[in-house]
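# Observations on the three-dimensional arrangement
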Amino acid sequence: MQRTKGVITMLLFLATLSIAMGKDAMASDLEIASEATQEIIEPFGGIKWDDNLVQLIVKLSAIKGIQHVRLSLNDAEADVRKVSKRGDLEKTLSDLMLKYNPRIFKDLKPTAENYSGENGAKRKYMRLTPKITASPIIISGVAFELKATFEIAPGLEVVNAEAVPIEKRGGHSFPLVISEVSLVSSSASLANSYQNIISMIETKYRKFDPETNLLMLHQNSSMEGNVSDIDGNTFHADISSNRANLIYRGAKCKSQLNEAYRKHLAAAEKKANAGKAEMGSGL
């Protein structure tokens, strides 16, 4: 009888140990899975979210087969494939703004906003931001057009003043951060290749969607949905036999630059108020 109790006790101990080990293994697996998804979603073609305008143009111009890289301001545009340094871009921006509106440097001051630049320099930027388009981008034999859009981020000058072009004619700054990169196609070749492209997307982005409920595959073999990374960057896919929209949106870089600019302004305020009496006791 005593021996039977001992055997039962041992079996219970082993069962408890097995459950505990299972939980530990499960926790370990979850940690490994979590680490595996710590990758960042970045735009197409080696573009980085913190690339400045010149870096972006140089990267796009270097893609084999690219025929057009254009910088546009509303409906005015310029070919920028030969732009490789800040001075080239500054001249192009001046010419482009004049082409957009000949009065831009005289009586259209309300189109500009002021901000505090490096070392407190007085700067101004255009409310209207430029766009970049590049084509053709060939993916699985299908021609796509790439479009990059930007947001104003004065913090860029605080972090890296060399990354901010300042056109010389009117003195407008362009502290731009990439907000979105899209690849769009309605090519007739999509019908032959869209499933290959979907397979590429599966290989690269399914890791961000292990439950397969964010990037959805429909019965007609099309794909639609969004995935995101730990920084809030997202990838959107909407692709079928007759259309394709692949969109990358960035979040963290703009947020970091905004915080850098806030600290820049706070430091300036602290310096301006140095030596003034603290009046908290009067509350």
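Described in the following lines is the structure provided in the data block. (Residues numbered from 1 in each chain as written. Predicted model: local features only at pLDDT ≥ 70, side-chain atom pairs only at ≥ 80, totals over all residues. Heavy atoms only, no water.)

Our focus in this paragraph is the overall build of the protein chain. Helix and strand content of the protein chain: six helices and eleven strands. Each of the 283 residues in the protein chain was classed as buried or not, and the buried ones make up 38%. Across the protein chain, every contact between residues at least 6 apart in sequence was considered, and the portion connecting residues at least 24 apart equals 59%. A total accessible area of about 16700 Å² is found for the protein chain, and carbon and sulfur atoms account for 53% of it. (Helix = DSSP H or I, 4+ residues; strand = E, 2+ residues; numbered from the N terminus. Buried < 20%, exposed > 50% of the residue type's maximum accessible area, 1.4 Å probe, protein only. Contact = heavy atoms within 4.5 Å. Areas by Shrake-Rupley, 256 points an atom, 1.4 Å probe, with all protein chains shown as cover.)

A word on the pairing of strand β11 (residues 244-249). One ladder, built from six bridges, connects strand β7 (residues 176-185) with β11; its direction is antiparallel. Directly across from Ser182, in β11, lies its bridge partner Ile247. One ladder, built from six bridges, connects strand β10 (residues 234-239) with β11; its direction is antiparallel. Paired with Ala237 across the strands is Leu246, a residue of β11. (Pairing = 2+ DSSP bridges.)

Looking at the element boundaries, Lys254 is found in helix α6 (residues 252-272). Here Glu151 takes part through its side chain, which lies 3.1 Å from a polar atom of the side chain of Lys254. (Polar contact = N/O pair within 3.5 Å; in protein donor to acceptor, adjacent residues only side chain to side chain.)

What the rule picks out here adds up to 19 salt bridges. Residue Glu42 is joined to Lys48 by a salt bridge in which the shortest nitrogen-to-oxygen separation is 3.0 Å. Residue classification places Glu42 among the partly exposed positions, given a relative accessible area of 27%. Here Arg249 and Glu180 are joined by a salt bridge, their closest N and O atoms 2.9 Å apart. Residue Arg249 is located in strand β11, and its partner Glu180 is located in strand β7; the two are separated by 69 residues in the primary sequence. Accessibility expressed as a relative area gives 34% for Arg249, which makes it partly exposed. Relative accessible area serves as the criterion here: at 22%, Glu180 is assigned to the partly exposed category. (Salt bridge = Lys/Arg side-chain N within 4 Å of Asp/Glu carboxyl O.)

All right, on to the sheet that holds strand β2 (residues 76-79) then. Ordered in space as β2-β1-β5-β6-β7-β11-β10-β9-β8, the nine strands form an open sheet in which the pairing is antiparallel. In this open sheet, the two edge strands, each paired with only one partner strand, are β2 and β8 (215-217). Taking each pair of neighbouring strands and ignoring which way they run, the sheet shows an average axis angle of 20°. Sheet contacts for helix α2 (residues 53-61): β1 (68-73), β5 (131-139), β6 (142-152) and β7; angle to β5, the most-contacted strand, approximately 25°. Docked against the sheet, helix α3 (residues 86-100) engages β1 and β2, running at close to 55° with respect to β1. (Axes fitted to C-alpha atoms, helices over the stretch in contact; angles between N-to-C directions.)

Attention shifts here to the packing of aromatic side chains. If you walk through the whole model with that rule in mind, you get four aromatic pairs. Measuring from ring centre to ring centre gives 4.0 Å for Tyr205 and Phe235, while their planes differ by 5°; the resulting arrangement is stacked. With Tyr205 in helix α5 (residues 190-205) and Phe235 in strand β10, this residue pair connects regions lying 30 residues apart in the sequence. Both residues of the pair, Tyr205 and Phe235, belong to the buried class. When the centroid spacing of 5.2 Å and the interplanar angle of 55° are considered together, the rings of Phe235 and Tyr248 count as tilted. Note that Phe235 is positioned in strand β10 and Tyr248 in strand β11, a separation of 13 residues in sequence. For Tyr248, a relative accessible area of 6% corresponds to the buried category. (Phe/Tyr/Trp six-rings, centres within 6.5 Å; stacked < 30°, edge-to-face > 60°.)

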